[in-house]
Amino acid sequence: MKSRNIKIAIVILFLLFIIDRYTWMPERLNNQTWLQESERGLGDPITYKWDFTLVGSELIFKDNKSKKDFPYVYRNRQSKFYLLGCYFGNLYIFDKIRKEMIVYSEK
């Protein structure tokens, strides 16, 4: 009986995670301005729809930072980024090529 309850709880948590990922997380991204917390700078601040869009779980950065005016940010955005999550006021981004996590926090 106890193992059955544990299995049900795990399934419910997994379903909540999936529903959150595709329903509520894009809303949390949309309504915030994000400031760099750690690792590489992808622009500071960054906002959804102005600096990046979300396609599935991949973050696609827009070309609104020129190579001439913002060489550091432009170079850092030349990679593949995956949204790890948006929880407790933090935005977690994973760089697939460089294998590092980048953290941004709410403004």
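An account of the accompanying structure is given in this report. (Residues numbered from 1 in each chain as written. Predicted model: local features only at pLDDT ≥ 70, side-chain atom pairs only at ≥ 80, totals over all residues. Heavy atoms only, no water.)

### Some points on the pairing of strand S3 (residues 52–55)
Residue alternation in S3 divides its side chains into a buried set, Phe52 and Leu54, and an unburied set, Thr53 and Val55. Sheet topology places S3 next to strand S4 (residues 58–61); four bridges connect them, and they run antiparallel. Paired with leucine 54 across the strands is leucine 59, a residue of S4. In this structure, the hairpin formed by S3 and S4 is closed by a connection of two residues, where glycine 56 is found at a positive phi of approximately 65°. (Buried < 20%, exposed > 50% of the residue type's maximum accessible area, 1.4 Å probe, protein only. Helix = DSSP H or I, 4+ residues; strand = E, 2+ residues; numbered from the N terminus. Pairing = 2+ DSSP bridges.)

### Digging into the packing of aromatic side chains
Each aromatic ring pair is summarised here by two numbers: the centre-to-centre distance and the angle between the ring planes. On inspection of all chains with the given rule, the structure shows three aromatic pairs. Taking the centre distance of 5.2 Å and the plane angle of 75° together, the rings of phenylalanine 61 and phenylalanine 81 count as edge-to-face. Of the two residues, phenylalanine 61 is situated in strand S4 and phenylalanine 81 in strand S5 (residues 81–87); the sequence distance between them amounts to 20 residues. Through successive ring pairs, a cluster of aromatic residues spans Tyr48, Phe52, Phe61 and Phe81. (Phe/Tyr/Trp six-rings, centres within 6.5 Å; stacked < 30°, edge-to-face > 60°.)

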